[in-house]
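Each chain, written out:
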Amino acid sequence: MIMIFGIPGPLLFGQLLLGLINGAFYAMLSLGLAVIFGMLNIINFAHGALFMMGAFAAWMLLNYFDIGYFPALILAPLLVGAFGIFLEKTIISRLYKLDHLYGLLLTFGLSLVIEGLFRNGYGSSGMPYRIPSLLQGATDLGFMFMPNYRGWVVLAAFVVCTATWLIIEKTSLGATLRAATENAPLVQAFGVNVPRLITLTYGGGIALAAFAGVLAAPIYSVNPNMGSNFINTVFAVVVIGGMGSILGSIVTGFGLGVVEGLTKVFYPQASATVVFVVMVIVLLTRPRGLFGKAA
Amino acid sequence: MFGFSRPQLIAFLAMLALIIVCPFVVYPVFLMRVLCMALFACAFNLMIGYVGLLSFGHAAFFGMGGYVTAWTMKVWHLDASIAILLGGVTGGVLGLCLGYLAIRRSGIYFAMITLALAQMVYFFCLEAPFTGGEDGIQQVPRGHLFGFIDLSNDMTMYALVACVFLGGFLLIHRIIHSPFGQVLKGIRENEPRTTSLGYRTDDYKLIAFMLSTSLTGIAGGTKALVFGIATLTDVNSSTSGEIVLTTLLGGLGTVFGPVMGSVVMVSMENYLAQFGAWVTVTQGVIFMFCVLAFRRGIIGEIGNFLKLKL
């Protein structure tokens, strides 16, 4: 058996993989938060609740309509994204002229309502969601056994994050989006329908959260609290990365997941708090965040 | 006196009368809960209403104050006054440490940082041996005040809680109307301009944060003493959210708003407790309603209607 720093190799790699998976969720959620914040200037507190809705959508599609995992991976984000667009059109758009704090408070209230409703309907114990048969089993990588589904989650998250980054940085739609983030009235003067762009951005960010929710469904049991368990850590990730850059939130998300995984190997008691400790260090040395721009 | 305007003085006297009369009509333990939450909300309001910083982590100070008071009462058998004071000191010291980090950013970042730091405190409380983990610290004796006043009687305890609340309320009012408070309002309105007048705004913000968290610790300690229990619920981020809602509902930046807010919130929780998870849904709906259509809060709307500053 390979030993690394006195730790058995398979244990170290196993925790690294778990860390990467958590990191994948941090990355997808903080990416959505960053995109939404850029356009709407709102911290979407309901992000965790909508992530949870993504997982529930997958579960409902399977149990009520007999629609499997892979179609749900497309359908659930579309459904929840449409719900997000509905929310933006009806409620959130009323707050753009007010202090940003009101957006935070409103979405916080929203998350309480959504989570409360799901808790009423499904209890808080959680329901299992089976790993699709195609992704069951494990692969021998030589230095460790990797459960196929976990590998798939990391891969899928990586692809989706890269795709989002490419769309925003390399396409003309992304260029318009970035321009509207910088100066919305000017972009509107060029004939771009900025309000529609904002709505689509919110829908897109929510769809990303829901996609993460579907990926999470077979790993964590589907329960109403799964979002709020994640979201507090994701806020710390956002503070560490800074809201300035898309790539920054992806890198920070994955990186912190790995840090968390490694802490579990070397000093398990601190694994729940290590992200917050990193946040404290970053705040002391670089208050704007690792990738943040000066305001 | 204390910088009350005439209408505020009338409102204060009315509140005082209610505090004296109510325990003979309403269940005192319920009132004590209202007063503890009211002090908590007033302390929170000092930050959001007068410095303009929204803290989403005040539960950390409330819960830790409660733990320290409960632990010192149960293990060291201290006098109740000293135990409550130690709760306040805990809140203040913790506020100094966390505030030092959090005031480096403002606006939504301040909210996110306080939320994350409070979450760290929560995980600490979950693991630390002295908090009793999931069980909390139970069966805390109420003990004696100044060595000779027995607090096991609800009415005596109520008198203490009322005094603590009034002391905190008046202190906050005095702070707001002091020159120090004027600087805080200056920071809220325009921080760069306040800096250019020669004030070290970061110091002012940190001191205000410490005052707020000290009073929050006292509120937490008093509550732990009343109910004889300190648990993880009080450190949880849901408590932070609840106090934001309480203050918003009563009226941000108003003197009596937080008190009114806690009367409504505690009554609602009492009434809705039997409906389980519907409490969260109702709170969420009220939250959204307040933000969309009722941003001044109850007292703010009344004040606006009467053209008074309450």
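Residues numbered from 1 in each chain as written. Chains lettered and ligands numbered in written order. Predicted model: local features only at pLDDT ≥ 70, side-chain atom pairs only at ≥ 80, totals over all residues. Heavy atoms only, no water.

Visitor: Describe the interface of chain A and chain B, naming the residues involved and giving the relevant values.
Guide: At the interface, 40 residues of chain A touch 36 residues of chain B. The junction of chain A with chain B conceals about 3,500 Å² of combined surface from both sides, 82% of it contributed by carbon and sulfur atoms. A per-residue breakdown of the area chain A buries against chain B is headed by Leu101(A), Leu105(A) and Asn232(A), which together make up 15% of the total. On inspection of chain A and its partner chain B, the count reaches two residue pairs in polar contact (both at pLDDT 80 or more). Elements that contribute at least two residues to the side of chain A that touches chain B include exactly helix H4 (100-122), helix H9 (226-241) and helix H11 (274-285) of chain A. No other element matches H4(A), which puts 15 residues into the side of chain A that touches chain B. Across the side of chain A that touches chain B, the residue classes break down as 29 nonpolar, eight polar and three charged. (Contact = heavy atoms within 4.5 Å. Buried area = accessible area lost by both parts, 1.4 Å probe. Polar contact = N/O pair within 3.5 Å; in protein donor to acceptor, adjacent residues only side chain to side chain. Helix = DSSP H or I, 4+ residues; strand = E, 2+ residues; numbered from the N terminus. Nonpolar A, V, L, I, M, F, W, Y, C, P; charged D, E, K, R; others polar.)

Visitor: Break down helix H8 (residues 194-216) of chain A for me, with residues and values.
Guide: For H8(A), which comprises 23 residues, the first-to-last C-alpha distance of 33 Å matches the rise-based estimate of 33 Å (1.5 Å per residue) to within 8%. For H8(A), a buried count of 19 out of 23 residues is recorded, marking the element as mostly surrounded by other parts of the structure. (Expected span 1.5 Å × (residues − 1). Buried < 20%, exposed > 50% of the residue type's maximum accessible area, 1.4 Å probe, protein only.)

Visitor: Outline the nonpolar core, supporting the account with residue identities and numerical values.
Guide: Judged by nonpolar contacts, the single largest core of 215 residues is most densely connected at Phe25(A), Leu105(A), Leu215(A), Leu54(B), Phe56(B), Phe165(B) and Phe169(B). Per element, the largest residue contribution to this core is 19 residues, and it comes from helix H2 (residues 28-50) of chain B. (Core = buried A, V, L, I, M, F, W, Y, C linked by side-chain atoms within 4.5 Å.)

Visitor: Quick rundown of the pattern of salt bridges? Include the residues and the values.
Guide: Residues and elements named next belong to chain B. By the definition in use, this model includes nine salt bridges over all chains. Residue Arg142 is joined to Asp154 by a salt bridge in which the shortest nitrogen-to-oxygen separation is 2.9 Å. Here Arg142 is found in the loop between helix H5 (107-127) and strand S1 (144-145), whereas its partner Asp154 is found in helix H6 (residues 154-176), with twelve residues between them in sequence. What you see here is one network of salt bridges that share partners, running through Glu191, Asp202 and Lys205. (Salt bridge = Lys/Arg side-chain N within 4 Å of Asp/Glu carboxyl O.)

Visitor: An account of the side chain of Thr90(B) is requested, with residue identities and associated values reported.
Guide: Residues and elements named next belong to chain B. On the secondary structure map, Thr90 appears in helix H4 (residues 80-102). One polar contact links the side chain of Thr90 to the main-chain carbonyl oxygen of Leu86, over a distance of 2.7 Å. Once residues within four sequence positions are removed from consideration, Thr90 is found in contact with Met64 and Val68.

Visitor: Go over the packing of helix H3 (residues 58-76) of chain B against H4(B) with me, naming the residues and quoting the values.
Guide: Residues and elements named next belong to chain B. Closest axis-to-axis distance for the H3/H4 pair is 8 Å, and the angle between their directions is 145 degrees. For the pair H3 and H4, the sense of crossing is right-handed. Between H3 and H4, the contacting residues are Ala60, Phe61, Met64, Gly65, Val68, Thr69, Thr72 and Met73 on the first element and Ala80, Ala83, Ile84, Leu86, Gly87, Thr90, Gly91, Leu94, Gly95 and Leu98 on the second. Looking at the contact of H3 with H4 residue by residue, the classes come out as eleven nonpolar, seven polar and no charged. (Axes fitted to C-alpha atoms, helices over the stretch in contact; angles between N-to-C directions. Left-handed = near helix turned anticlockwise from the far one by under 90°.)

Visitor: I'd love a proper account of unusual backbone geometry, names of residues and values included.
Guide: Despite not being glycine, Asp66(A) shows a phi value in the positive range, around 60 degrees. Turning to its location among the elements, Asp66(A) is positioned in the loop between helix H2 (47-65) and helix H3 (69-90). Within the chain, Gln139(B) stands out as a residue other than glycine whose phi angle is a positive 50 degrees. The class of Gln139(B) is exposed, set by a relative accessible area of 69%.

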